[in-house]
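Examination of the molecular architecture
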Amino acid sequence: MTAKRKRKQAGPGTLAGATGAEVFEAMLRAEGVETLFGFPGGAVLPIFDVLYKSPIRFVRSRHEQGAVHMADGYARSTGRVGVALATSGPGATNLVTGLATANMDSVPLVAFTGQVKSFLIGNDAFQEADVTGITRPITKHNYLVKRVEDLGRIVREAFHVARTGRPGPVLVDIAVDATVGTLAGEPDVEPNLPGYRTRWEPNMKQVKAAAEAINAAERPVLYVGGGVVIAGATDALRALSETAQIPVTTTLLGLGTMDESSPLALQMLGMHGTATANYAVQECDLLIAVGARFDDRVTGDIETFAPHAKIIHIDIDPASISKNVDVDIPLVGDAKEILERMNEYVRPQDRAAWGERIADWKQRYPLRYETDGDVRPQELIERLGELTDHDAIVATGVGQHQMWAAQFYGWRRPRQILTSGGLGTMGFGCPSAIGAQAGNPDKTVIDIDGDGSFTMTMVEVITAAQNNLPVKFVVLDNTYLGMVRQWQEMFYGRRYSGVDHVCPDFAAIAEGFGAKGMTVASRDAMDEALRAMLAHDGPVVLHVKVSPEENVYPMVAPGKGLHEVDLGKLA
Amino acid sequence: MKHIISALVQNQPGVLAHVAGMFAARGFNIDSLVVGRTEDPELSRMTIVVIGDDRVLEQVRKQLGKVVPVVKVRDFAATPCVQRDLMLIRVHTPPPKRPEVVELVNLFRGRVVDVARDSVLIELAGTEEKIEAFIDLVRPYGIRELARTGLIAVPRGG
Ligand SMILES: Cc1ncc(C[n+]2csc(CCOP(=O)(O)OP(=O)(O)O)c2C)c(N)n1
Ligand SMILES: [Mg+2]
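Quick caveat, the model's predicted, so the values are computed rather than measured.

**Observations regarding the nonpolar core**
Residue and element names in this part refer to chain A. Ranked by size, the top nonpolar core spans 45 residues in total, and within it Phe 37, Leu 99, Ile 434, Phe 454, Phe 473 and Val 541 carry the most contacts. The element contributing the most residues to this core is helix 4 (residues 64–78), with 6 residues. Shared between two domains, this core takes at least three residues from each, and those domains are domain 1 (20–180) and domain 3 (377–557). In this structure, Val 81, Phe 159, Val 161 and Ala 178 belong to the second largest nonpolar core, which totals 40 residues.

Rendered as structure tokens:
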């Protein structure tokens, strides 16, 4: 064993004689946990008894789904591991959506659930559910702890697995007797993970080959995903882009890795990406994918994707490479390390012709929207960006508003957008914004939400109000599940089925929940409302009545190639 | 193409579920799967026979490598190795037919491990091809019961 691997983490202090619940709490502190999101119940009573006198802040959600999305928003916005706690049975099953959400987006999260006493497991005991069975395919890893002796080590392993490599959620299901039981001696808390690999030494031959390909390319494009955010590789990425004058397009989760005020930024690509980004990908002769996984929402018709390009793919997950497309130069490892090494071999270039081609597309096909007396969601989001100096943390639900937020906020830095990219979880916005505010008390945190999405988890506005978390919830009320309505309009002959609804008075609900409620329904009143909302020092729900049948453009229809982007009626 | 994947895994509760669950969730087809102890009490070996093209197999290997308690993954597709499948098969053999069947057993270097009034129970080990050839030969007599372990494999010259 090397000296490096031997170095031990700060220990939890002596644990001899401690109960399992005390071990749990001490291990959490040793992992640096400051905030815990959760909801109590019978199987976790011993843990809650220890939390009663713990310095760890406990944020009580109103629903376990809220707690796990809060932990997720906390993790995405801070880069630290988010932690959620729930009881057995229904408490645990309520975590499922949140775990799957975090799993798809590689978010480091540890969820703890209580389990019935170990000798009752399998007996259909009260509030028993096979939680490790249920969550196995939607977590990076999971554990069932039956003995207090194993608890410390497993907690440590869970945090290690959650935050390293390609991060992800880890669930630890703890039988009550393991929290009630007492340790006789000092437990071994060192991880025992002989097969778990977190580091891949960059293959320098490949790194040089990639740099040479970049030097030789005439029309390169960087295609950047959430992996760059996770790896903290933003500076290395921007340096590469600047030095070699390579335009950068990002996925939904990669937004913010590029400062969108830069001429090299192409903004998002894919189904609702900018025309410029999609054309650039289709015309490029070299595509450098970093921490992205060629998702079908990004590539469109895979057969016609980037048809002229040689492909370099940098990813920490070997299984992501050559999964959806054939890659010419695969590079497995940490994006930051690989980009930094690659940058040493990349020649400065000006690539004037390619730059002009891109500038021309940008000028011809900017993101656009109509204006009239209605509040246009695109304009509202654009104004929010300006009024917050493009510096807020912004959560979203899923739907049209999510795409407009991605297109119009104007992203400047990583960890700014909190959105469910892979799973597309409606209801993610409200609780994830609350979690982010808990981890970033000095930042402006905004939830740009849809009326449908917000309704799914808006009960957590109570949590924001009662914990003095001044999140600004902007609810875009288009009286529809807009994104589904758009598809019914475009592909199902306008037969609107199951998508219309009447919204409640969100402002009144907000007031009832203990937050400030506001409503705005016209373009003239929009700016003032946004300013008043941002100026208020507590949580606000701003109910915005927007034009109901607005559609998201550009759009690459399903099955079409990226070059077949439909610019909508403003083309 | 058929691939023999050999995975060393931590000998812990749930590891089989982790591996089998991954195969199911990713839509990979398992032809056979054998789990057994190894020389190291902390480790078990899973020998998994998978059918698929190179792309599928590359994903199988990589996804298997990502399962946390999986310590090491090897694909024996291109490695010369000794392969064994063990079969117990009860064949319908009225006494006049018995010598014919026993002769077949001897030719295949199997053993008769139990004799009943009108059947024999045969033990046979070997490659899957050998086992299948034997099954084809005894099928006309009538197969009463059959159990196979699935393939295990160890590289030659290790
Ligand atoms: C939990 C969940 N259920 C269903 C869907 C399918 N879906 C995707 S977008 C959408 C509409 C969202 O409506 P709303 O939140 O009002 O946003 P809008 O599109 O109107 O901006 C639906 C139903 C989903 N993504 N998540
Ligand atoms: Mg809506």
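This is not the end of the story, as more comes after the structure.
**Notes on helix 4 (residues 128–138) of chain B**
Residue and element names in this part refer to chain B. Residues Glu 128, Ile 131, Phe 134, Ile 135 and Val 138 constitute the buried set of helix 4. Down the axis of helix 4, the buried set is contained in an arc of 125°. They therefore lie on one face. Lining the buried residues of helix 4 we find strand 1 (2–10), strand 2 (30–37), strand 5 (81–92), helix 3 (98–107), strand 7 (119–126) and strand 8 (143–148).

**With respect to the coordination of the magnesium ion (ligand 2)**
In an ideal octahedron of six donors the angles at the metal are 90 or 180 degrees, and in an ideal tetrahedron of four donors they are 109.5 degrees. For the magnesium ion (ligand 2), the full set of protein donor atoms is Asp451(A) (OD), Asn478(A) (OD1) and Tyr480(A) (O), at a range of 2.0 to 2.2 Å. Between consecutive donor residues of the magnesium ion (ligand 2), the sequence gaps follow D-x26-N-x1-Y.

**What to know about the site of ligand 1**
Residues and elements named next belong to chain A. In the vicinity of ligand 1 lie 17 residues, with Gln 400, Gly 424, Asp 451, Ser 453 and Gly 482 positioned nearest. In the model, an oxygen atom of ligand 1 is placed 2.5 Å from a nitrogen or oxygen of the Asp 451 side chain. A distance of 2.8 Å separates an oxygen atom of ligand 1 from a polar atom in the backbone of Gly 452. Protein chains bury 76% of the 580 Å² of accessible surface belonging to ligand 1 in isolation. Listing elements by their share of the shell around ligand 1, those giving two or more residues are helix 18 (400–408), helix 20 (451–457) and helix 22 (482–491).

**Some details on the side chain of Thr135(A)**
All names here are of chain A. Within the secondary structure, Thr 135 is located in helix 7 (residues 131–135). A polar contact of 3.1 Å, which involves the side chain of Thr 135, links it to the side chain of Asn 142. If near-sequence neighbours (up to four positions away) are discounted, Thr 135 is found in contact with Leu 99, Asn 142 and Leu 171.

**Topic: the domain arrangement of chain A**
Residue and element names in this part refer to chain A. Each assigned domain of chain A is listed here: domain 1 (20–180), domain 2 (204–364) and domain 3 (377–557). For domain 2 versus domain 3, the distance between C-alpha centres works out to 30 Å. Tallying the contact residues gives 24 residues for domain 2 and 21 residues for domain 3. Carbon and sulfur atoms make up 64% of the area that domain 2 and domain 3 hide from each other, which totals about 1,800 Å². A salt bridge links Arg 412 to Asp 259, with the nearest nitrogen and oxygen atoms 3.6 Å apart. Remark: the boundary between domain 2 and domain 3 carries 7 residue pairs in polar contact (both at pLDDT 80 or more). Among the elements of the structure, helix 11 (226–231), helix 12 (234–244), strand 9 (265–268) and helix 13 (275–283) are those that each provide at least two residues to the side of domain 2 that touches domain 3.

**Let's talk about the confidence of the model for chain A**
The predicted model of chain A has a mean per-residue pLDDT of 96, with 98% of residues at 70 or higher. Low pLDDT, under 50, characterises residues 1–8 of chain A; the stretch is placed with 2 contacts to residues that sit more than four places away or in other chains.

**Topic: the interface of chain A and chain B**
Each partner contributes residues to the interface: chain A has 20 residues there, and chain B has 14 residues. Buried area between chain A and chain B, both sides added, is near 1,400 Å², and the carbon and sulfur share of it is 50%. At the junction of chain A and chain B, the tally comes to 2 salt bridges. Across the pair Arg55(B) and Asp326(A) runs a salt bridge whose closest N-O atoms are separated by 3.3 Å. Run the count over chain A and chain B and you get 7 residue pairs in polar contact (both at pLDDT 80 or more). Residue composition of the side of chain A that touches chain B, by class: 8 nonpolar, 6 polar and 6 charged.

**So, the side chain of Asp451(A)**
All names here are of chain A. Mapping Asp 451 onto the fold places it in helix 20. Comment: no salt bridge for buried Asp 451; closest opposite-charge side chain is Arg 485, at 9.7 Å. Once you skip the residues sitting within four places of it in the chain, Asp 451 turns out to touch Val 475, Leu 476, Asp 477, Asn 478, Thr 479, Tyr 480, His 501, Cys 503 and Phe 506.

**Brief notes about the confidence of the model for chain B**
Averaged over all residues, the pLDDT of chain B equals 94, while 99% of them reach at least 70. This complex was scored by the predictor with a pTM of 0.95 and an ipTM of 0.89.

**Some remarks on the packing of aromatic side chains**
Counted under the stated rule, the structure contains 17 aromatic pairs over all chains. For the pair Trp354(A) and Trp361(A), a centre-to-centre distance of 6.1 Å together with 85° between the ring planes defines the contact as edge-to-face. Between Phe108(B) and Phe134(B) the ring centres are 5.1 Å apart and the planes differ by 70°, which places this aromatic pair in the edge-to-face class. Taken together, the residues Phe108(B) in the loop between helix 3 and strand 6 (111–115) and Phe134(B) in helix 4 connect sequence positions 26 residues apart. You'll find Phe108(B) and Phe134(B) in the same group, each marked buried. Cluster of aromatic residues (ring-pair linked, three or more members): Tyr279(A), Trp354(A), Trp361(A) and Tyr365(A). Sitting over the ring of Tyr480(A), Arg485(A) keeps its end group 5.5 Å from the ring centre.

**A closer look at the sheet that holds strand 17 (residues 516–520) of chain A**
Residues and elements named next belong to chain A. Ordered by their spatial adjacency, 6 strands build an open sheet running 14-13-15-16-18-17, and the pairing between neighbours is parallel. Bordering the open sheet on either side are strand 14 (417–418) and strand 17, each of which pairs with just one other strand. Of the strand pairs in this sheet, strand 17 and strand 18 (residues 540–545) are connected by 5 bridges, and their pairing is parallel. Along strand 18, the bridge assignment pairs Thr 519 with His 543. In the packing of helix 17 (residues 377–387) onto the sheet, contacts are made with strand 15 (445–450), strand 16 (472–477) and strand 18, and the angle to strand 16 comes to roughly 165°.

What counts, and at which threshold
- Residues numbered from 1 in each chain as written.
- Chains lettered and ligands numbered in written order.
- Predicted model: local features only at pLDDT ≥ 70, side-chain atom pairs only at ≥ 80, totals over all residues.
- Heavy atoms only, no water.
- Core = buried A, V, L, I, M, F, W, Y, C linked by side-chain atoms within 4.5 Å.
- Buried < 20%, exposed > 50% of the residue type's maximum accessible area, 1.4 Å probe, protein only.
- Helix = DSSP H or I, 4+ residues; strand = E, 2+ residues; numbered from the N terminus.
- Domains from an automatic or database assignment.
- Arc of directions from axis to C-beta.
- Contact = heavy atoms within 4.5 Å.
- Donors = N, O, S within 2.8 Å, 3.2 Å for Na, K, Ca; no water.
- Near = heavy atom within 4 Å.
- Polar contact = N/O pair within 3.5 Å; in protein donor to acceptor, adjacent residues only side chain to side chain.
- Areas by Shrake-Rupley, 256 points an atom, 1.4 Å probe, with all protein chains shown as cover.
- Buried area = accessible area lost by both parts, 1.4 Å probe.
- Salt bridge = Lys/Arg side-chain N within 4 Å of Asp/Glu carboxyl O.
- pLDDT = per-residue confidence, 0-100.
- Nonpolar A, V, L, I, M, F, W, Y, C, P; charged D, E, K, R; others polar.
- Lys, Arg positive; Asp, Glu negative; His and termini not counted.
- Phe/Tyr/Trp six-rings, centres within 6.5 Å; stacked < 30°, edge-to-face > 60°.
- Lys NZ or Arg CZ within 6 Å of the ring centre and 35° of its normal.
- Pairing = 2+ DSSP bridges.
- Axes fitted to C-alpha atoms, helices over the stretch in contact; angles between N-to-C directions.

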